[in-house]
Amino acid sequence: MKHKVFFLLISVMLMGILAACSSEETSGNNSKESGTQSIELWHYFEGNLKDVLEDNVTKYNESQDKVEVKLTFVPYGELNNQLLISGTNDATPDLVITGINEVQLFAESGVLEDMTANVEEWENNDQITEDIMDIHKVDDNVYGLPIKTNAIVMFYNKDMVEEPPTTWEELKKTAADATDGKQTGFLASAHNSQQGTASWIPFLISAGEDITTIGSDGGKEALQLWKDMVDEGSMSSEAVNKTIMDAQVDFQNGNTAMTLTGPWFIPELEANAPDLNWGVAEIPKDEKHVSLVGGESISMGKGANKEAAWDFISWFLEPENHFEYAKATGDFPALEDAFNEPYFQDDPVKQVFVNVIKSSSGYGWGENQGDFNQIVYTAMQKALTGEATVEEAVTEAQQKVDQILQ
Amino acid sequence: MKKRFENYSFVLPAIVFLMIFLLYPFAFNIYLSFRDINIGNLVQGDSPFIGLENYKTILSEPLFYKSLTQTVIFTFFTLVVSTSIGFLLASYFNKAFPGNKWMRSIMLLGWMTPIIIVGTIFKWMLDGKYGIVNNMLVNIGLMNSPINWLSDIDTALFAVTVTNIWLSIPFSMIILLSGLQGIPTYVYEPATIDGASRWQKFRYITLPLMTPTISILLILGLIYTFKVFDVIYIMTAGGPANSTQVVSYLAYELSFNLFRFGEGAALSNLALFIIAFFAILYVRKVQKESVVH
């Protein structure tokens, strides 16, 4: 009897707690008395990026009285998991800003709303390059739109490199020439993480291949290029343990003449090494200049208030607002009109980025992103540390890719 | 009856806490490990029961054995070296000398520093090209050419182990020091009168009296070191070419990079069973000892 009372009490308490946890408001499309619809937007921006987004949302909320957007900050690194979890109990937000390369992943997992109909009617839909639009699609349906973009390019030290290399052969030669006892010519991340993959994938694509043909001759050559430079000492053998940020530090300290990173590096470079004489160039090519597009996209969560959500998206992506937003973030836009603004076209550095972004794509790996990422950086690490030959490394990678795609 | 109920109500908060924050996640992790749950079916919620399939996948994966071996090596050397050095330092600080407290506090600074900072600094110090470690070793003539400590598959595990040893020493020292301070001086006095040497005093008095403290330290260290994550995450991310891959980091990668939640859960459970095995051994041992006394 006494035990029964005791356990009863515990169960009541537990139920109370669980109820309290699950009864939180369901992503709030509840209307206020004035008829204003309130929608929720999740993002992971901090610092300046957060301020800029807040400014835009305030401006939007004040510009009309039908929809009110409320911002919810979810830390970077948490957002992916939180979004998936929200999908399991129907608590997805109306709007969410995720990494541009994660849209397909979330779309395939079922947490996003199909917005094809809205995008087809949208007057600016032809302003986004096909490659970039494609990484927002699953089975021809659109699940998000880019709000800002960036790309990895080559930063070079003008005091060490006179003319930036444009082909792989030139890269090898320039890197060897710029190498001496103190500095190495080239350093890109070959880290045991997504950062290694992101740095090397442009070389694979430049060879006319992609992840599904990593074991081809092109794939071999792309990896052999890095391996040769490591063997010759013109690329630091520490590359396998350098994140992109580590490589940036080596570049700004003058320890390496060339590195691969994105526009986020520019403010740091200007602040930490104001005297460094640097420039940017496209990543040296085999067949064509390409890079990997990064940035953020906006999507609707499953069960969102689509009408209100689209109202905000279309306002946010009006070319003028979009341009101002990209400008304020220090990143790059995704719409043709904004690309053509003199602000981007007349600046030698920004122009390089714009050209790269316009001719590049993202991963487009969907729900296989995690696996493919790991397959690529594992192959890079094995080949560069000498644990396997280039041939063995890419062949093993090809087998693993085939297994997943089966 | 009423009184009894009142008494129970005092332990209720603790029980509720245990159930929500420990038992539930623990049970849920076991549940997950028997299901095929990944990014493709997480949201739909139709994760099928697949029995021991996740465990089979893990156990047939060569990388699991590689990471397990590396975890064991990492744990073994961390424990042996940090306990030995910790003991030496504890004996040193057990003596009264000017500046003792002051120096002991400085020792603890290392322990109080967040691992993200320690890991990053060690990563810089061990850098093959610009690291201070290579610079010093080459300059004093111990090495002819620099070693890429963290990016060479033969030295990376050694380098992260050394870092972890550095991190573990202060904790070992504090625990052992408290043990040493618990030994009354009068037990040494008869030995001194009987003409026992320093070594004999250490071997036949200090060491036996310290055994319980050392056991506690080793078991705590084992549990803490076996599930190492942060040092690896910061310094090498398991690389190069998986040469510093350890069990807990592998489980993290499976769950949160590859979104194979079932396999990740299975691997964490395997690690848990291994640790639990040692913990039970230890608890048995302690119980036996207390019976004897």
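Residues numbered from 1 in each chain as written. Chains lettered and ligands numbered in written order. Predicted model: local features only at pLDDT ≥ 70, side-chain atom pairs only at ≥ 80, totals over all residues. Heavy atoms only, no water.

Chain B appears in an unreviewed UniProt entry as Sugar ABC transporter permease from Thalassobacillus devorans. As recorded by UniProt, the Sequence similarities (unreviewed entry) comment attached to chain B reads in full: "Belongs to the binding-protein-dependent transport system permease family." Checking UniProt for chain B, the heading Subcellular location (unreviewed entry) contains the comment "Cell membrane". (UniProt positions renumbered as here; feature names shortened; annotations may be inferred.)

Naming follows an unreviewed UniProt entry, where chain A appears as Maltodextrin-binding protein of Thalassobacillus devorans. Quoted verbatim from the Sequence similarities (unreviewed entry) heading of the UniProt record, the comment on chain A is "Belongs to the bacterial solute-binding protein 1 family." The record in UniProt for chain A states the following under Subcellular location (unreviewed entry): "Cell membrane".

**Quick notes on the sheet that holds strand β10 (residues 278-281) of chain A**
All names here are of chain A. Taking strand neighbours across the sheet as the criterion, the 4 strands line up as β8-β9-β7-β10 in an open arrangement whose pairing is mixed. Of all strands in the sheet, those bounded by a partner on one side alone are β8 (184-187) and β10. Averaged over all adjacent pairs, the angle separating strand axes in this sheet is 20°, with direction ignored. Each of β7 (153-157), β8, β9 (256-261) and β10 touches helix α10 (residues 244-252); the most contacted strand, β9, lies at about 150° to it. Where helix α16 (residues 348-358) meets the sheet, its contacts fall on β7 and β10, and the angle it forms with β10 comes to roughly 20°. (Pairing = 2+ DSSP bridges. Helix = DSSP H or I, 4+ residues; strand = E, 2+ residues; numbered from the N terminus. Axes fitted to C-alpha atoms, helices over the stretch in contact; angles between N-to-C directions. Contact = heavy atoms within 4.5 Å.)

**Side note on the UniProt feature "transmembrane region" (unreviewed entry) in chain B**
Residues and elements named next belong to chain B. Here the UniProt-annotated "transmembrane region" (unreviewed entry) positions come out as residues 12-32, 72-93, 105-126, 157-182, 202-224 and 264-283. Here residues 72-93 is 100% helix and 0% strand, with 31 Å between the C-alpha atoms at its ends. The distance from the first to the last C-alpha atom of residues 202-224 is 28 Å, and the span holds 100% helix and 0% strand.

**Focus: the side chain of B:Asn41**
Residue and element names in this part refer to chain B. Tracing the chain through its elements places Asn41 in the loop between α1 (2-33) and α2 (53-59). With a relative accessible area of 11%, Asn41 lands in the buried category. A polar atom in the side chain of Asn41 sits 2.8 Å from the backbone oxygen of Asp36. Not counting residues within four places of it along the chain, the set of residues in contact with Asn41 comprises Asp36, Asp46, Ser47 and Pro48. (Buried < 20%, exposed > 50% of the residue type's maximum accessible area, 1.4 Å probe, protein only. Polar contact = N/O pair within 3.5 Å; in protein donor to acceptor, adjacent residues only side chain to side chain.)

**Some thoughts on helix α8 (residues 194-206) of chain A**
All names here are of chain A. A rise of 1.5 Å per residue sets the reference length of α8, with its 13 residues, at 18 Å; its end C-alpha atoms lie 19 Å apart and thus fit the reference within 8%. The largest bend in α8 amounts to roughly 35° and is located at Trp200, with the proline Pro202 lying one to four residues further along. Burial runs high along α8: 10 of the 13 residues are buried. Residues of α8 that are buried in the fold lie against α7 (168-177), β8, α9 (217-232), α10, β9 and α17 (369-385). Phi turns positive, to about 85°, at Gly208, one or two residues after α8. (Expected span 1.5 Å × (residues − 1). Bend = angle between axes of the 7 residues up to and from the residue.)

**Description of the nonpolar core**
As a rule of thumb, soluble globular proteins bury nonpolar side chains together. Residues and elements named next belong to chain A. In this structure, Leu95, Leu145, Phe155, Phe312 and Ile313 are the most contacted members of the largest nonpolar core, which totals 81 residues. For this core, the element with the most residues is helix α12 (residues 306-316), which contributes 7 residues. Formed jointly, this core draws a minimum of three residues from each of two domains, domain 1 (29-143 + 294-358) and domain 2 (151-292 + 364-405). Beyond its immediate stretch of four places on either side in the chain, Ile313 contacts Leu95, Met115, Leu145, Ile298 and Met300. (Core = buried A, V, L, I, M, F, W, Y, C linked by side-chain atoms within 4.5 Å. Domains from an automatic or database assignment.)

**Quick notes on the layout of surface pockets**
If you add up the space inside the second largest pocket, you get close to 1,100 Å³. In this structure, the second largest pocket is lined by 41 residues; those nearest its centre are A:Asp371, A:Gln374, B:Glu61, B:Leu258 and B:Arg260. Residue assignment for the lining of the second largest pocket shows that the elements contributing at least two residues are α17 and α18 (390-405) of chain A together with α2, α3 (62-93), α11 (247-257) and α12 (261-292) of chain B. At 6 residues, α17(A) tops the list of elements feeding residues into the lining of the second largest pocket. Counted by class, the lining of the second largest pocket contains 15 nonpolar, 12 polar and 14 charged residues. (1 Å grid on protein atoms, 1.4 Å probe; cavity = no way out; pocket = protein on both sides within 12 Å on 5 of 7 lines; lining within 4 Å. Points joined across faces, edges and corners; volume = space filled by probe spheres on them. Nonpolar A, V, L, I, M, F, W, Y, C, P; charged D, E, K, R; others polar.)

**Considerations on the interface of chain B and chain A**
Taken together, the contacts link 39 residues of chain B with 42 residues of chain A. Considering only the side of chain B, the residues that lose the most area to chain A are B:Ile39, B:Val43 and B:Tyr130, jointly responsible for 16% of the buried surface there. Our count for the contact surface shared by chain B and chain A stands at 4 salt bridges. Across the pair B:Arg260 and A:Asp371 runs a salt bridge, and its minimum N-O distance is 2.2 Å. Elements represented by at least two residues in the side of chain B that touches chain A include exactly α1 and α11 of chain B. Residue classes in the side of chain B that touches chain A are distributed as 22 nonpolar, 10 polar and 7 charged. (Buried area = accessible area lost by both parts, 1.4 Å probe. Salt bridge = Lys/Arg side-chain N within 4 Å of Asp/Glu carboxyl O.)

**Quick notes on the sheet that holds strand β11 (residues 293-300) of chain A**
Residue and element names in this part refer to chain A. Strands sit in the order β2-β1-β3-β11-β6 across an open sheet of 5 strands; the sheet is mixed. Edge positions in the sheet fall to β2 (67-73) and β6 (145-151), since each of these pairs with one other strand and no more. Each strand axis lies, on average, 20° off the axis of its neighbour in the sheet, ignoring direction. Summarising the sheet, strand β1 (residues 37-43) and β2 pair through 7 bridges and their orientation is parallel. Counterpart to Glu40 in the pairing with β2 is Lys70. Sheet strands in contact with helix α2 (residues 47-63) are β1, β2, β3 (95-99) and β6, and its direction is about 165° off that of β2.

**Some details on the packing of helix α7 (residues 156-181) of chain B against helix α9 (residues 198-226) of chain B**
All names here are of chain B. One can describe the packing of α7 onto α9 by two numbers: an axis separation of 10 Å at closest approach and a directional angle of 145°. By crossing handedness, the relation of α7 to α9 is classed as right-handed. For the pair α7 and α9, the contacting residues are Asn164, Phe171, Ser172, Ile175, Leu176, Gly179 and Leu180 in the first and Thr206, Met210, Thr213, Ile214, Leu217 and Thr225 in the second. Residue composition of the contact of α7 with α9, by class: 7 nonpolar, 6 polar and no charged. (Left-handed = near helix turned anticlockwise from the far one by under 90°.)

**What to know about the pairing of β10(A)**
Within a regular beta strand, the side chains point alternately toward one face of the sheet and then the other, so they alternate between its two faces. Residue and element names in this part refer to chain A. Here β10 shows two buried faces, one formed by Trp278 and Val280 and the other by Gly279 and Ala281. The pairing of β7 with β10 spans 4 bridges and is classified as antiparallel. Its bridge partner lying in β10, Phe155 is registered against Val280.

**Concerning the domain arrangement of chain A**
All names here are of chain A. If you check the domain split of chain A, you get domain 1 (29-143 + 294-358) and domain 2 (151-292 + 364-405). Of note, the centres of domain 1 and domain 2, computed from C-alpha atoms alone, are 30 Å apart. Listed as interface residues are 16 residues of domain 1 and, on the opposing side, 18 residues of domain 2. Here domain 1 meets domain 2 over a buried area of about 1,300 Å², counting both sides, of which 66% is carbon and sulfur. Linking domain 1 with domain 2 are 0 salt bridges, by the criterion used here. Listed by contribution, the elements that provide at least two residues to the side of domain 1 that touches domain 2 are α4 (103-109) and α16. Top contributing element to the side of domain 1 that touches domain 2 by residue count: α16, with 6 residues.

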